[in-house]
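As a plain string of letters, each chain reads:
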Amino acid sequence: QVQLVESGGGLVQPGGSLRLSCAASGSMLTLYTMGWYRQAPGKQRELVASIASVTSGGNTNYADSVKGRFTISRDNAKNSVDLQMNSLKHEDTAVYYCNAKIDSIGAIYWGHGTQVTVSS
């Protein structure tokens, strides 16, 4: 069982920055691929960024819409994964969810989400 708690959301002006954090608790967290997803009103939840498990090399993956603006990182000692978001745009407004998964065994966990609003 894995518990995920997001923090760091809020209201920011276009062009601004926010840093989201996800605190994870549970066992064998280094085996999980960690990710950030988002869901805007009326839209499906979509992958924003992910970072592979330590044993898989920790490779990162980004949605095209956020490449060059967002950076995902994980601190295995602190069991946390962060999403640094720069040059925010109106279309980045959404609820952001932290995710932990191991595809091979069908394990998947979600946080409750944190609201990010980009508005002037």
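In this text, all values refer to a predicted model and were calculated from it rather than measured experimentally. (Residues numbered from 1 in each chain as written. Predicted model: local features only at pLDDT ≥ 70, side-chain atom pairs only at ≥ 80, totals over all residues. Heavy atoms only, no water.)

Where a protein is soluble and globular, its nonpolar side chains tend to be buried together. Of all hydrophobic cores here, the largest spans 33 residues; its most connected members are Leu4, Trp36, Leu83, Met85 and Tyr96. With near-sequence residues (within four places) excluded, tyrosine 96 lies in contact with Glu6, Leu20, Trp36, Tyr37, Arg38, Val48, Phe70, Leu83, Met85, Gly113, Thr114 and Val116. (Core = buried A, V, L, I, M, F, W, Y, C linked by side-chain atoms within 4.5 Å. Buried < 20%, exposed > 50% of the residue type's maximum accessible area, 1.4 Å probe, protein only. Contact = heavy atoms within 4.5 Å.)

To continue, consider the pairing of strand β5 (residues 46-51). Where strand β4 (residues 33-39) lies against β5, five bridges are found, and the strand directions are antiparallel. The partner of glycine 35 across the bridge, within β5, is serine 50. The hairpin formed by β4 and β5 contains six residues between the paired strands, and glycine 42 there has a positive phi angle of roughly 80 degrees. Examined bridge by bridge, β5 and strand β6 (residues 60-62) share three bridges and lie antiparallel to one another. Paired with serine 50 across the bridge in β6 is asparagine 61. (Pairing = 2+ DSSP bridges. Helix = DSSP H or I, 4+ residues; strand = E, 2+ residues; numbered from the N terminus.)

For the structure shown, the criterion picks out one disulfide. The disulfide partner of cysteine 22 is cysteine 98, and the S-S distance across this bridge is 2.1 Å. Classification of the bridge connecting cysteine 22 and cysteine 98 rests on its S-S torsion, roughly -85 degrees, and on that basis the disulfide is left-handed. With cysteine 22 in strand β3 (residues 18-26) and cysteine 98 in strand β9 (residues 94-102), the pair connects residues that are 76 residues apart, well separated along the chain. Among the residues examined, cysteine 98 registers a relative accessible area of 0% and is labelled buried. (Disulfide = S-S within 2.5 Å.)

Next up on the list: the environment of isoleucine 72. Take isoleucine 72: it is sitting in strand β7 (residues 70-75). Separated by 36 residues in the primary sequence, isoleucine 72 and tryptophan 36 place their C-alpha atoms 8.3 Å from one another. Beyond its immediate stretch of four places on either side in the chain, isoleucine 72 contacts Met34, Gly35, Trp36, Ala49, Ser50, Ile51, Thr60, Tyr62, Val81, Asp82 and Leu83.

What follows concerns the pattern of salt bridges. In the structure shown here, the tally under the stated rule is six salt bridges. Between glutamate 46 and arginine 38 there is a salt bridge, with the nearest N and O atoms lying 2.8 Å from each other. Residue aspartate 64 is joined to lysine 67 by a salt bridge in which the shortest nitrogen-to-oxygen separation is 3.1 Å. Of the two residues, aspartate 64 and lysine 67, both sit in the exposed class. Several salt bridges converge on common partners, so that one network encompasses Arg38, Glu46, Arg69 and Asp92. (Salt bridge = Lys/Arg side-chain N within 4 Å of Asp/Glu carboxyl O.)

Spatial relationships are all this shows, so hold off on functional conclusions.
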